[in-house]
Amino acid sequence: MQAVSPTFSCDLKPMIQTNLTAKIARYSHVNRNRVSVRCSYKSESFSFPNGVGSSRADWQSSCAILASKVASAENSSSITGSLAGQVAAVNGHSNDSVNLSLVPSNTQNGKPGLIQPLTNTDLSPAPSHGSTLRVAYQGVPGAYSEAAAGKAYPKSEAIPCDQFDVAFQAVELWIADRAVLPVENSLGGSIHRNYDLLLRHRLHIVGEVQIPVHHCLLALPGVRPDCVRRVISHPQALAQTEGSLNKLTPKAAIEAFHDTAAAAEYIASNNLRDTAAVASARAAELYGLQILADGIQDDAGNVTRFLMLARDPIIPRTDRPFKTSIVFAAQEREGTSVLFKVLSAFAFRNISLTKIESRPHQNCPVRVVGDGGVGTAKQFEYTFYVDFEASMAEARAQNALSEVQEYTSFLRVLGSYPMDMSPWSTSPSEDA
Ligand SMILES: O=C(O)C(=O)C[C@]1(C(=O)O)C=C[C@@H](O)C=C1
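Let me sum up the structure you'll find in this document. Since we're looking at a predicted model, the values are computed, not measured.

**Quick word on the sheet that holds strand S13 (residues 253–256)**
Phase 1 of the analysis: Read across the sheet, 5 strands follow the order S13-S12-S14-S11-S15 without closing on themselves; strand pairing throughout is mixed. The strands lining the two open edges of the sheet, one partner per strand, are S13 and strand S15 (290–294). Strand after strand, the sheet turns through a mean of 30° between neighbouring axes, direction not considered.
Phase 2 of the analysis: When strand S12 (residues 230–233) meets strand S14 (residues 275–279), the two strands line up parallel, connected through 3 bridges. In the sheet register, Val-231 faces S14, and the bridge partner there is Ala-276.
Phase 3 of the analysis: Contacts between helix H8 (residues 260–270) and the sheet are confined to strand S11 (216–219), S12 and S14, with S14 contributing the most and set at about 155° to the helix.

**Looking at the site of the ligand**
Phase 1 of the analysis: Around the ligand lies a shell of 13 residues, among which Tyr-144, Ser-145, Gln-240, Thr-260 and Thr-304 are the nearest.
Phase 2 of the analysis: Ser-145 has a polar side-chain atom sitting 2.6 Å from an oxygen atom of the ligand.
Phase 3 of the analysis: At 2.8 Å, a side-chain N or O of Thr-304 approaches an oxygen atom of the ligand.
Phase 4 of the analysis: The set of elements that each furnish at least two residues to the shell around the ligand consists of helix H3 (144–152), strand S8 (178–185) and helix H6 (235–240).
Phase 5 of the analysis: Of the residues that constitute the shell around the ligand, the class distribution is 5 nonpolar, 7 polar and 1 charged.
Phase 6 of the analysis: Split by domain, the shell around the ligand shows at least three residues from each of two domains, domain 2 (95–212) and domain 3 (216–296).

**Notes on the environment of Asp-299**
Phase 1 of the analysis: Within the fold, Asp-299 resides in the loop between S15 and strand S16 (303–310).
Phase 2 of the analysis: Note: C-alpha distance between Asp-299 and Ser-186 (113 residues apart in sequence) is 8.9 Å.

**Brief notes about the pattern of salt bridges**
Where charged atoms from two side chains of opposite charge come close, those side chains can pair.
Phase 1 of the analysis: In total, this model carries 16 salt bridges according to the counting rule given.
Phase 2 of the analysis: The partner of Lys-355 in a salt bridge is Glu-184, with the nearest N and O atoms 3.8 Å apart. Highlighted residues: Lys-355 in strand S18 (residues 353–360) and Glu-184 in strand S8, separated in sequence by 171 residues. Per residue, the accessibility class of Lys-355 equals that of Glu-184, and both read buried.
Phase 3 of the analysis: Ionic pairing is found between Lys-323 and Glu-208, a salt bridge with its closest N-O pair at 2.9 Å. One end of the pair, Lys-323, is in strand S17 (residues 322–330); the other, Glu-208, is in strand S10 (residues 204–212), with 115 residues separating them in the sequence. Here the two residues Lys-323 and Glu-208 agree in accessibility, since each one is buried.

Reading guide: rules and limits
- Per-chain numbering applies: the sequence of each chain, read as written, is numbered from 1 onward.
- Where totals are concerned, whole chains, interfaces and linings use all residues; where local detail is concerned, this predicted model gives features only for residues with pLDDT of at least 70, and gives and counts side-chain atom pairs only at 80 or more.
- Values shown for side chains rest on all heavy atoms present in the structure; no hydrogens or waters enter the calculation.
- For two strands to count as paired, DSSP must find a minimum of two bridges between them.
- Numbering of helices and strands runs from the N terminus, with a helix taken as a DSSP run of H or I at least four residues long and a strand as a DSSP run of E at least two residues long.
- To get an axis, a line is fitted to the C-alpha atoms, and for a helix only the part in contact is used. The angle between two axes follows their N-to-C directions and goes from 0 to 180 degrees.
- The contact rule is simple, with two residues in contact once any of their heavy atoms fall within 4.5 Å.
- For this description, a residue counts as near a given molecule or strand if any of its non-hydrogen atoms is within 4 Å of it.
- Side-chain atoms alone can form a polar contact between residues adjacent in sequence; in general such a contact is a pair of N or O atoms within 3.5 Å, and within protein one must be able to donate a hydrogen while the other accepts it.
- Residue classes follow a fixed rule: Ala, Val, Leu, Ile, Met, Phe, Trp, Tyr, Cys and Pro count as nonpolar, while Asp, Glu, Lys and Arg count as charged, and any other residue, Gly among them, counts as polar.
- By convention here, the domain bounds are inherited from an automatic or database domain assignment.
- In what follows, salt bridge is the name for a side-chain nitrogen of Lys or Arg lying within 4 Å of a carboxyl oxygen of Asp or Glu.
- Between buried and exposed lies partly exposed: a residue is buried under 20% and exposed over 50% of the maximum accessible area for its type, with that area taken using a 1.4 Å probe on protein chains only.

Here it is as structure tokens:
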């Protein structure tokens, strides 16, 4: 074992070690007495003074708890960076309701730098945070997901995460109280990754928000559209502006980026005069870019639907329109008719479906069927995601699901939640 501080010794996987060592070093400086750890990653046996188990999961959660103490000490001594106050309204949502200051920013030459999104090496339970709701979203400030988080939870602290998976984990590990993540766009279609993650994680859908997505083409001040050789953005945003980009920058290469606002920030921080980003007007303002073209989405009514996720479900009600989301896999013996039977269970009860999505079955994506002496047929296996317009508090929804259960090998209710019936800029739900 290698000692890294008087109170901490470990033999860790390098990535964890680097991260933790740096944090411990800083933490020790702040409050040396509260860190006392002895651990070993490879042998999977650890001894923490507070007593942790011996599994890898225990180890990971112990790392998380330890790192949270670091974060806690750091937070109480020196949270500095905040973009709050620098940001303007986006998509009709006033920024005065969204606090963007959670993640401490870097400092560059003594000045506050850019907010760093959470990464999965940062995940650790957060310290007590008072009563402000913390909402994880994927992207950096200026992303549409941040606007969605602000619409869903107007008085919240928005927590940027670098990946969708990190936003899920942030809620599971109590770093955040909610996550707001996109699932579909009216032009680009479904965001499949989030469907897969809904199944992999155990969070509940507690609401939905839809926001109009109004894209701009952004570049450094002084750059003309004909100088643009490359356009970067989130793949969904590029898909939603394909027609406009063909006209505006026909010769430019199109490249995918993590999120729209990160693309804008990348251009600004690297002073790229030949590159433009597809992003929001708020991203232009945040990162000091000019708007070369406004409203470049291929359909004026471009809208993205986001799910609000929490550790606990809400109690379904019947006094307002509710939607329920389920996921299921077919029972093998039901064969190809299972989808028809499931959909009939809703149709007979006059329950409208609003969405159906199929994804490869995570455990068994292909099933080998028969062998008539001419080779082996391979049948693709799916999990189906269905949204229907009814509350789980209604008998017709409960009866439909009892019937669906007969045809399925697996059925999970992802959530029963109020539909977003709001005009664009108001909050859809007080329950969630
Ligand atoms: O990149 C962003 O700004 C996001 O919030 C992500 C995202 C997406 O994943 O679809 C969200 C809404 C828009 O449809 C474009 C991109």
